[in-house]
Amino acid sequence: MNRWALIAIIVGATVASDMLQSWEMKRQGEVTDFRIDRLLGTLLGKLPMIASVVFLAISFYAFLALLQIADLSFAVPATALSIVAETILARILLREQVTPARWAGVVLVAIGVWFLAL
Amino acid sequence: MNSSAPGLQAKTRLFTCIVVLTNVLGNFALSWGMKHGAVMDGSAISFVRVVFDPWVLVGIAILAGWVLSRMALLSWADLSYVIPVTSVGFVLNAIMGYLFLNEQISPMRWLGTLFIVGGTVLVGLTSVNTTGVPTK
């Protein structure tokens, strides 16, 4: 599998994990009780959080596979592409308001990843 | 974030350093392990075996520290503070690759990394809550 296919898997799985986490955590409300047993009990009993962990594991294994074939100095910055995908999906699916400054930041990240690809 | 108290400022600086260092060292350990013996060939057993490689195991342990220290930092510091200051990790990862993994980093890759840091900082400077979600 080539490195861009692995990056696509990492970004896709990371985005899916973060979207599920963000959606479920917003539904739960702000965390005020940080006791680990309460946190685990509250969060890991929820289907979206379990799915989120599964996607996180997929992302982790794809990242390991990427590190096997690509430079660290390429792999870590390239995964920042998830910022671009997450912002777009946060706007569409989570209905977050994305300010011009945030779009500008996302464009800079996208340009940065494009430079990595050259 | 109320950072006026000297104690809180010192704690914030300490945890920011921990978050950045654990991220960089954790990724470095994973990278070292995956290039020096750990193998993932697609078989089911290799997915189990790879996480018991000593370097990968060390990387996972350090990254667990990264997750916990980042969660702790986020419990008192703004996300809009945490994202930009920890994005320096992108550059430090590249420096680690250059210094210890003998990676050849082209000017274009350095430039791309700097663009990503700039973009991350810009994202971090924006409001952390744009949906008006009530907090308890």
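Note that the coordinates shown come from a computational prediction; the quantities given were computed from them, not determined experimentally.

With that out of the way, let us pick up the environment of Leu 73 of chain B. Relative to the elements of secondary structure, Leu 73 of chain B occurs in helix 3 (residues 54-76). As a C-alpha pair, Leu 73 of chain B and Lys 11 of chain B span 62 residues in sequence and 8.9 Å in three-dimensional space.

It is worth spelling out the interface of chain A and chain B at this point. Contacts between the two partners involve 35 residues from chain A, matched on the other side by 39 residues from chain B. Counting only elements with at least two residues in the side of chain A that touches chain B, the list comes to helix 3 (47-69), helix 4 (72-78) and helix 6 (100-117) of chain A. Per element, the largest residue contribution to the side of chain A that touches chain B is 12 residues, and it comes from helix 6 of chain A. Across the side of chain A that touches chain B, the residue classes tally to 21 nonpolar, eight polar and six charged.

Here the focus is the packing of helix 3 of chain A against helix 1 (residues 6-35) of chain B. Packing of helix 3 of chain A against helix 1 of chain B leaves a shortest axis separation of 8 Å and a crossing angle of 60 degrees. Relative to helix 1 of chain B, the element helix 3 of chain A lies oblique. Between helix 3 of chain A and helix 1 of chain B the crossing geometry is right-handed. Between helix 3 of chain A, through Leu 64, Leu 67 and Gln 68 of chain A, and helix 1 of chain B, the contact on the second element is made entirely by Leu 30, Ser 31, Met 34 and Lys 35 of chain B. Tallied by class, the residues present in the contact of helix 3 of chain A with helix 1 of chain B amount to four nonpolar, two polar and one charged.

Bringing unusual backbone geometry into the picture now. One non-glycine residue, Asn 102 of chain B, lies in the positive phi region at around 55 degrees. Relative to the helices and strands, Asn 102 of chain B is located in the loop between helix 5 (88-100) and helix 6 (107-124).

One broad rule of soluble globular proteins: the nonpolar side chains tend to lie buried together. Formed by 51 residues in total, the largest nonpolar core has its most connected members in Ile 10, Leu 66, Leu 67, Ala 75, Ala 78, Ala 80 and Val 109 of chain A. Residue contributions to this core peak at seven residues, all from helix 1 of chain B. Not counting residues up to four positions away in its chain, the partners in contact with Val 109 of chain A are Ala 80, Ile 83 and Val 84 of chain A together with Ile 116, Gly 119 and Thr 120 of chain B.

Rules used throughout
- Residues numbered from 1 in each chain as written.
- Chains lettered and ligands numbered in written order.
- Predicted model: local features only at pLDDT ≥ 70, side-chain atom pairs only at ≥ 80, totals over all residues.
- Helix = DSSP H or I, 4+ residues; strand = E, 2+ residues; numbered from the N terminus.
- Contact = placed C-beta atoms within 7 Å.
- Nonpolar A, V, L, I, M, F, W, Y, C, P; charged D, E, K, R; others polar.
- Axes fitted to C-alpha atoms, helices over the stretch in contact; angles between N-to-C directions.
- Parallel < 35°, antiparallel > 145°, perpendicular 65-115°, else oblique.
- Left-handed = near helix turned anticlockwise from the far one by under 90°.
- Core = buried A, V, L, I, M, F, W, Y, C linked by C-beta atoms within 7 Å.
- Buried ≥ 20, exposed ≤ 12 C-beta atoms within 10 Å, placed from the backbone.

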